[in-house]
Amino acid sequence: QMPAFGDRLGAEEIAAIGAYLAEPLAETPVWGEAEILASRSFREDYTPATTPVFDADPMNITLAVEIADSHVSVMDGDRLEVISRFETPFAVHGGPKFSPDGRLVYVMSRDGWVQKYDLWGLQEVGRVRAGLNSRNIAMSADGKWLAVANSLPNSLTILDAATLKPAKVIEVKGKDGTPSRVSAVYQAPPRESFVLALKDVPEIWEVFTGANPPFHGFVHDYRVEGPPQVDNPFPLRRITVPDIMDDFFFDLSYEHLIGASRDGARGQVIDLVIGQQVAELSLPGMPHLGSGITWEWNGTTVLATPHLKEGVISVIDMKTWKTVKTIPTEGPGFFMRSHVNSRYAWADVFFGPNKDVMHIIDKETLEIVKTLRPAPGKTVAHTEFTKDGRYALVSVWEDDGAVIVYDAATFEEIKRLPMKKPSGKYNVWNKITFSEGTSH
């Protein structure tokens with residue numbers, strides 16, 4: 001019997017609740033195309049905006065996801081002011097996705113709701129429940145399709161972005177039939193595909209969204225017959241990997257995928273063209289490759305990624321896949337960001353006693369040049385830049401938090417915008433120009 005709401009819990013009750021939550025479900029709930037379609041709703045009073053209803057640069061709008069009260073603040077990146085604020089579904093996950101023209105944004109909650117919002121008109125369009133427990137969303141490069149990664153049920157939901165109707169629900173099982181949660185999905189624009197990280201099986205999945213997907217398999221004579229036509233919408237390619245990868249990162253060409261192994265001691269480099277591992281990285285300390293960034297350095301491209309279990313940032317040469325520098329930090333970090341117009345990378349210390357630290361790293365010398373403590377004793381995290389890279393926006397990750405605006409060149413604080421636990425900020429131009437997994 002569960003305790004009543006408001007009762008003070010003892011150790012036995014807490015242990016009982018923990019055990020109950022850890023129990024597997026007696027049966028997996030069904031949430032397929034019929035259930036998704038039945039949940040769909042559109043605002044009857046919605047009229048699409050033909051021009052923005054505000055006078056700010058629509059490509060320099062930044063969204064701040066405030067998880068304390070399930071809202072999103074819409075910020076003008078030039079005036080550095082909040083121009084609107086709208087309510088979202090409960091427990092919104094960071095990482096909203098913008099349409100290619102920046103007019104629409106799609107927001108996902110952890111319980112599977114996808115909200116479509118008109119940024120030009122500052123009004124909700126509609127929403128649909130694409131899963132019961134969802135991890136993140138991705139948008140195809142042409143803006144036609146949304147992919148929703150689900151861990152309950154074990155599925156990938158593909159939505160028509162215009163109508164929010166389900167186009168396909170793909171049940172996720174390994175080659176041996178083992179069910180698997182989807183831990184992340186990202187778009188690979190030049191490949192016209194979504195790429196999935198699976199939580200429970202050592203596979204990477206690629207789902208093609210373009211009009212002419214590649215054919216994988218045998219034909220009688222390729223020279224005579226040519227490649228067969230693929231009639232199945234959203235065809236799937238499975239790539240077996242040496243170890244489970246919960247998350248990963250792309251190089252700028254989208255030819256290589258870099259992920260951390262489950263053992264937390266190494267990284268895997270997978271060539272998506274041949275579908276095989278081509279290199280192994282020395283990455284102890286469980287790096288957070290999903291927050292890795294890249295930049296040009298000494299005639300090569302380097303990848304920098306924070307570690308989740310130790311105070312280190314690894315910098316890796318993406319030609320040789322060798323570590324060129326390890327940068328000690330004041331604790332394990334979670335987010336790392338920069339901008340193509342900035343000389344500096346900003347890295348937080350998200351875990352441990354120094355969670356109020358923000359390190360600034362010179363991308364040329366690979367040295368920490370400044371350490372900020374903007375809110376002593378409070379968590380500061382997740383830097384985002386304005387369109388031109390002039391300003392850096394940092395979250396004070398508290399219920400009575402703020403977005404702090406810094407001059408990105410001098411590191412001087414410009415102003416603070418009060419927010420309710422702003423978990424992340426997302427600039428329209430940056431997210432359209434640099435897709436997740438390849439940000440500079």
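To be clear, the structure that these remarks concern was listed above.
Remember, it's a predicted structure, so these values are computed and weren't measured experimentally. (Residues numbered from 1 in each chain as written. Predicted model: local features only at pLDDT ≥ 70, side-chain atom pairs only at ≥ 80, totals over all residues. Heavy atoms only, no water.)

1. Describing the overall build of the protein
And then number 1: Counting secondary structure elements, the protein contains four helices and 33 strands.
And then number 2: Looking at the protein residue by residue over its 440 residues, the buried ones come to 55%.
And then number 3: Expressed as a percentage of contacts within the protein between residues at least 6 apart in sequence, the contacts between residues at least 24 apart total 47%.
And then number 4: Roughly 19,600 Å² of accessible area belongs to the protein as shown, and the carbon and sulfur atoms make up 51% of that amount. (Helix = DSSP H or I, 4+ residues; strand = E, 2+ residues; numbered from the N terminus. Buried < 20%, exposed > 50% of the residue type's maximum accessible area, 1.4 Å probe, protein only. Contact = heavy atoms within 4.5 Å. Areas by Shrake-Rupley, 256 points an atom, 1.4 Å probe, with all protein chains shown as cover.)

2. Details of the packing of aromatic side chains
And then number 1: Within the structure shown, the criterion is met by 16 aromatic pairs.
And then number 2: When the centroid spacing of 4.7 Å and the interplanar angle of 85° are considered together, the rings of Phe334 and Phe335 count as edge-to-face.
And then number 3: Residue Phe334 is classed as partly exposed on the basis of its relative accessible area, which comes to 24%.
And then number 4: Taken together through their ring pairs, the aromatic side chains of Phe334, Phe335, Phe350, Phe351 and Trp397 make up a single cluster.
And then number 5: Seen from the ring of Trp31, Arg129 lies directly overhead, with NZ or CZ sitting 5.7 Å from the centre.
And then number 6: A cation over a ring is seen here: Lys387 above Trp429, with NZ or CZ 5.2 Å from the ring centre. (Phe/Tyr/Trp six-rings, centres within 6.5 Å; stacked < 30°, edge-to-face > 60°. Lys NZ or Arg CZ within 6 Å of the ring centre and 35° of its normal.)

3. Observations regarding the pairing of strand β8 (residues 123-129)
And then number 1: Among the seven residues of β8, five are classified as buried, and the element is accordingly described as predominantly covered.
And then number 2: In this structure, the hairpin formed by strand β7 (residues 113-118) and β8 is closed by a connection of four residues, where Leu122 is found at a positive phi of approximately 55°. (Pairing = 2+ DSSP bridges.)

4. A word on the sheet that holds strand β15 (residues 203-208)
And then number 1: Read across the open sheet, the four strands follow the order β13-β14-β15-β16; overall the sheet is antiparallel. Taken across any chain shown, the strands that pair with only one partner, and hence form the sheet edges, are β13 (182-188) and β16 (236-240). Taking the axes of each pair of neighbouring strands and ignoring which way they run, one obtains an average angle of 20° across the sheet.
And then number 2: The pairing of strand β14 (residues 193-198) with β15 spans five bridges and is classified as antiparallel. Residue pairing across strands places Ser193 opposite Phe208, the latter belonging to β15. (Axes fitted to C-alpha atoms, helices over the stretch in contact; angles between N-to-C directions.)

5. Overview of the side chain of Asp243
And then number 1: Here Asp243 is to be found in the loop between β16 and β17 (248-250).
And then number 2: Given the relative accessible area of 17%, Asp243 is considered buried.
And then number 3: Ignoring anything within four residues of it in the chain, the contact list for Asp243 reads Pro202, Ser261, Arg262, Asp263, Arg266 and Gln268.

6. A short note on the pattern of salt bridges
And then number 1: Tallied over the full model, the rule gives 20 salt bridges.
And then number 2: A salt bridge links Arg79 to Asp55; the shortest N-O distance between them is 3.1 Å. Highlighted residues: Arg79 in the loop between β3 (71-76) and β4 (81-87) and Asp55 in the loop between β1 (41-42) and β2 (61-66), separated in sequence by 24 residues.
And then number 3: With a relative accessible area of 64%, Asp55 lands in the exposed category.
And then number 4: In this structure, Glu206 and Arg191 form a salt bridge, with 2.7 Å as the shortest nitrogen-oxygen distance. Taken together, the residues span a long stretch of sequence, with Glu206 in strand β15 and Arg191 in the loop between β13 and β14 at a distance of 15 residues. (Salt bridge = Lys/Arg side-chain N within 4 Å of Asp/Glu carboxyl O.)

7. A short note on the sheet that holds strand β24 (residues 323-328)
And then number 1: Taking strand neighbours across the sheet as the criterion, the four strands line up as β21-β22-β23-β24 in an open arrangement whose pairing is antiparallel. Each edge of the sheet is formed by a strand with only one pairing partner; in this case those strands are β21 (293-297) and β24. Across the sheet, the mean angle separating the axes of adjacent strands is 25° when strand polarity is ignored.
And then number 2: Two elements, strand β22 (residues 300-306) and strand β23 (residues 312-317), share five bridges in a ladder whose sense is antiparallel. Among the inter-strand pairings, Ala304 is bridged to a residue of β23, identified as Val315.

8. Points about the layout of surface pockets
And then number 1: Considering only enclosed or pocket space, the second largest pocket measures out at about 180 Å³ in volume.
And then number 2: Taken together, Thr28, Trp31, Gly32, Pro153, Asn154, Ser155, Val169, Ile170, Glu171, Val172, Lys173 and Pro179 make up the lining of the second largest pocket.
And then number 3: Of all the secondary-structure elements, those providing two or more residues to the lining of the second largest pocket are β11 (154-160) and β12 (166-171).
And then number 4: The element that contributes the greatest number of residues to the lining of the second largest pocket is β12, accounting for three residues.
And then number 5: Its residues assigned to classes, the lining of the second largest pocket comprises six nonpolar, four polar and two charged. (1 Å grid on protein atoms, 1.4 Å probe; cavity = no way out; pocket = protein on both sides within 12 Å on 5 of 7 lines; lining within 4 Å. Points joined across faces, edges and corners; volume = space filled by probe spheres on them. Nonpolar A, V, L, I, M, F, W, Y, C, P; charged D, E, K, R; others polar.)

9. Focus: the pairing of strand β29 (residues 380-385)
And then number 1: Counted residue by residue, β29 has six buried out of six residues, so it is predominantly covered.
And then number 2: Sheet topology places β29 next to strand β30 (residues 391-396); four bridges connect them, and they run antiparallel. Following the sheet pairing, Glu384 is matched in β30 by Leu393.
And then number 3: With antiparallel pairing between neighbouring strands as the criterion, β29 and β30 make up a hairpin whose turn holds five residues, including Gly389 at a positive phi of roughly 80°.

10. Re the side chain of Asp407
And then number 1: When you line up the elements, Asp407 lands in strand β31 (residues 402-407).
And then number 2: Among buried charged residues, Asp407 stands out as having no salt bridge; its nearest opposite-charge side chain is Arg390, 5.3 Å away.
And then number 3: At 2.8 Å, the side chain of Asp407 and the backbone nitrogen of Ala409 are in polar contact.
And then number 4: Here the side chain of Asp407 touches Thr410 through a polar contact of 3.0 Å, landing on its backbone nitrogen.
And then number 5: Sequence-distant contacts of Asp407, that is, excluding residues within four places in its chain, are made with Arg390, Tyr391, Glu412 and Ile414. (Lys, Arg positive; Asp, Glu negative; His and termini not counted. Polar contact = N/O pair within 3.5 Å; in protein donor to acceptor, adjacent residues only side chain to side chain.)

11. Focus on helix α1 (residues 11-22)
Along an α-helix, a turn takes 3.6 residues, which lines up residues three or four apart on a common side.
And then number 1: The terminal C-alpha atoms of α1, which comprises twelve residues, lie 17 Å apart, in line with the 16 Å expected from a rise of 1.5 Å per residue.
And then number 2: Among the twelve residues that make up α1, zero are buried, leaving the element largely open to the surroundings. (Expected span 1.5 Å × (residues − 1).)

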